[in-house]
Amino acid sequence: MAYLIVKWLHVLSSTLLFGTGIGTAFYLLVVSLHRDVRVVAVVARYVVIADWLFTATTVVFQPASGFWMAHWAGIPWRSGWVGWSTLLYALAVACWLPVVVLQVRMRDLAVDAAARGEPLPPGYWRAFRLWVALGIPAFFAFVAVFYLMVVKPPL
């Protein structure tokens, strides 16, 4: 029974992790490209909050629950689909960590620009480009992890 509870929490957690990531990325991308500094400031605030509430907690829970289930099932975590999932997950998290810093910077720049009634500054757009560049490999790494978790191919 404990295994099934942890498995359910693992799936729920992965859904929150991916759903929050794709949702917040979509909204911040769309409002940034729209260039309404007041809207960007508001959305960026909520993106940062969502990242801390949902993404940060699930980023920690995912490997903990995954390794526990692999151990319980007797699956070596460095081999096969578990090993590849671990490497891809580490890549995604390595991309996500600087993204969090960039989102905080983008939020602060947008809030400051909105308060001054100015457009988004060049520093916002530098951070935005790096944010997009890091988000793309993180997205595809998470998609690959989902595939490996569901299919569990013999590697």
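For the structure itself, look to the data block above.
Since this is a predicted model, take the numbers as computed values, not measurements.

## Examining the nonpolar core
Core analysis: the biggest nonpolar cluster contains 34 residues, and Leu28, Tyr89, Met106, Leu120, Tyr124 and Trp131 have the highest contact counts within it. Top contributing element to this core by residue count: helix H3 (residues 80–116), with 12 residues. Residue contacts for methionine 106: discarding those within four places in its chain leaves Leu28, Tyr124, Ala127, Phe128 and Trp131.

## Side note on helix H1 (residues 2–34)
Its 33 residues give H1 an end-to-end C-alpha distance of 47 Å, which sits within 8% of 48 Å, the value for a rise of 1.5 Å per residue. Within H1, the full set of buried residues consists of Val6, His10, Ser13, Ser14, Leu17, Thr20, Thr24, Leu28, Val31 and Ser32. Looking one or two places after H1, you find arginine 35, whose phi comes out positive at around 70°.

## Re the side chain of threonine 58
Within the secondary structure, threonine 58 is located in helix H2 (residues 37–73). Take threonine 58: its relative accessible area is 6%, and that puts it in the buried class. In contact with threonine 58, other than residues within four places in its own chain, are Ser13, Leu16, Leu17 and Tyr89.

## Observations concerning the layout of surface pockets
Roughly 660 Å³ of internal volume is contained in the largest pocket. His10, Gly66, Met69, Trp81 and Met149 are the residues nearest the centre of the largest pocket, which is lined by 27 residues in total. When contributions to the lining of the largest pocket are tallied by element, the ones reaching two or more residues are H1, H2, H3 and helix H4 (122–151). Residues belonging to the lining of the largest pocket are distributed by class as follows: 19 nonpolar, 6 polar and 2 charged. Put simply, the second largest pocket is a space of about 530 Å³. Surrounding the second largest pocket, 23 residues form its lining, Gly21, Ile22, Ala25, Gly135 and Phe139 being those nearest its centre. When residues of the lining of the second largest pocket are traced back to their parent elements, those giving at least two are H1, H2, H3 and H4. Residues belonging to the lining of the second largest pocket are distributed by class as follows: 17 nonpolar, 5 polar and 1 charged.

Thresholds, definitions, all that
Residues numbered from 1 in each chain as written. Predicted model: local features only at pLDDT ≥ 70, side-chain atom pairs only at ≥ 80, totals over all residues. Heavy atoms only, no water. Core = buried A, V, L, I, M, F, W, Y, C linked by side-chain atoms within 4.5 Å. Buried < 20%, exposed > 50% of the residue type's maximum accessible area, 1.4 Å probe, protein only. Helix = DSSP H or I, 4+ residues; strand = E, 2+ residues; numbered from the N terminus. Contact = heavy atoms within 4.5 Å. Expected span 1.5 Å × (residues − 1). 1 Å grid on protein atoms, 1.4 Å probe; cavity = no way out; pocket = protein on both sides within 12 Å on 5 of 7 lines; lining within 4 Å. Points joined across faces, edges and corners; volume = space filled by probe spheres on them. Nonpolar A, V, L, I, M, F, W, Y, C, P; charged D, E, K, R; others polar.

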